[in-house]
Amino acid sequence: MKKVHVFNAGPCLLPQEVYDSAIEAIRDFAGTGVSVLSISHRTKEWDAIMDETRALWKELLNIPDGYEVIFLGGGASLQFLYVAMNFLEKKAAYVDTGVWAHKAFKEAKGLGNAVEIASSSDKNYNYIPKGYEIPKDADYLHITTNNTIYGTELKEDIDCPVPLIADMSSDIMSRPVDVSKYAMIYGGAQKNVGPAGVAFAIIRTDALGKVSRYLPTMLDYRVHIDKLSMFNTPPVFSIYVMHETLKWIKAQGGVEAIQKVNIRKAETLYNEIDRNPLFVGTAAREDRSLMNICFVMAPGKEELQDEFLAFAKAHGIIGIKGHRSVGGFRASTYNACTQEDVDALVACMKEFEKLHA
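Let me begin by describing the structure that accompanies this report. Here the structure is a predicted model, which means the values were calculated and not measured.

**Details of the environment of Gly66**
Reasoning step 1: On the secondary structure map, Gly66 appears in the loop between helix H2 (44-60) and strand S2 (67-72).
Reasoning step 2: Here Gly66 falls in the partly exposed class, since its relative accessible area comes to 39%.
Reasoning step 3: For the pair formed by Gly66 and Gln79, sequence separation is 13 residues and the distance between their alpha carbons is 21 Å.
Reasoning step 4: Residue contacts for Gly66: discarding those within four places in its chain leaves Ile203, Arg204 and Thr205.

Encoded structure:
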């Protein structure tokens, strides 16, 4: 079978070891004789997976005391509402860096006084805003650290005078994070830490309980913390695959080792984009994402876009079509994407260049 190189933006490529483990667990979970698809979440075997998954999160990100990790359904999109419900009392501040950041802001604005303090929409979100003033009377500041559609990323943990909340759906576990700088970090799993179907939330517990509104039971983070993410039936299979993915990250040497690999992969591809006269990167150089590398055909070469997509597919390159809202190309180089995958894409770009020199 021809080797396929997968650059999907999500659901993402996962390590082969994780696929193999998941297949075995579907046949027989933890020697129970029951498939993980049918296992009761009230068994000791499942309790062990939940405990180990939380422990892996805390170990890999060096999460300090006072924080809890929970797993929820609904993806990051539901967390947009969760965040505002649990943290917005008088005013919330948002930085708009793309579609998902704007959707998070919209949910908060529909619930209370949310203000947009900075935006990169003026240049089609091709940069990360800088130098903005954070209102000190805000209940929290919300940021989106990586913007999958536009290929921009905030690669450091900012200092913030108010509680900081971050959507890290697409760059979590790709680099070390100083969790102590955040009141909350959340995201969907389907980029770096598992399949679609489960979201994670890392919450400093003393930041909760400060709103006066009624919180519906299912939207109260404290309920899910108290019930160890099992207030209702959790997305069992998705959490199991997350568990196996985190084990794989640990086996690679943890997020510090993963970060070095991700930097090398991104540099390889960005160097080719900058060298190859047929392609142009779309994100500001200082804000280029290590996870989602976006580019287009060079001016005057736009008519080659469909031809290149077909050429790449014929060479086993899958998932590089840009988001429907922006077009062009997007190669998502999440943790499980290998240097070999990136090298194959670069070789394809060079071969295409020869056809149109």
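**A closer look at the environment of Asp65**
Reasoning step 1: Here Asp65 is to be found in the loop between H2 and S2.
Reasoning step 2: Note: C-alpha distance between Asp65 and Ala344 (279 residues apart in sequence) is 43 Å.

**Topic: helix H3 (residues 75-87)**
The α-helix winds at 3.6 residues per turn, so residues separated by three or four positions along the chain end up facing the same way.
Reasoning step 1: If you check H3, its first and last C-alpha atoms are 18 Å apart, about what 13 residues at 1.5 Å a residue would give, namely 18 Å.
Reasoning step 2: When you tally the buried positions in H3, you get ten out of 13 residues, the bulk of the element.
Reasoning step 3: Inspection of H3 places Gly75, Ala76, Gln79, Phe80, Tyr82, Val83, Ala84, Met85, Asn86 and Phe87 among the buried residues, and these make up the whole buried set.

**Digging into the sheet that holds strand S9 (residues 184-188)**
Reasoning step 1: Read across the open sheet, the seven strands follow the order S2-S10-S9-S8-S5-S3-S4; overall the sheet is mixed. With one partner strand each, in any of the chains shown, S2 and strand S4 (114-119) form the two edges of the open sheet. Averaged over all neighbouring strand pairs, the angle between strand axes comes to 20°, with direction disregarded.
Reasoning step 2: Of the pairings in the sheet, the one linking strand S8 (residues 164-167) to S9 comprises three bridges and is parallel in character. The residue of S9 that forms the bridge with Asp167 is Tyr186.
Reasoning step 3: Packed on one face of the sheet, H2 meets S2 and strand S10 (199-204) and runs near 125° to S2.
Reasoning step 4: The strands touched by H3 are S2, strand S3 (92-96), strand S5 (140-144), S8, S9 and S10; relative to S9, the strand with the most contacts, the crossing angle is about 155°.

Calculation rules
- Residues numbered from 1 in each chain as written.
- Predicted model: local features only at pLDDT ≥ 70, side-chain atom pairs only at ≥ 80, totals over all residues.
- Heavy atoms only, no water.
- Helix = DSSP H or I, 4+ residues; strand = E, 2+ residues; numbered from the N terminus.
- Buried < 20%, exposed > 50% of the residue type's maximum accessible area, 1.4 Å probe, protein only.
- Contact = heavy atoms within 4.5 Å.
- Expected span 1.5 Å × (residues − 1).
- Pairing = 2+ DSSP bridges.
- Axes fitted to C-alpha atoms, helices over the stretch in contact; angles between N-to-C directions.

Such coordinate-based values are descriptive only and should not be taken to indicate function.
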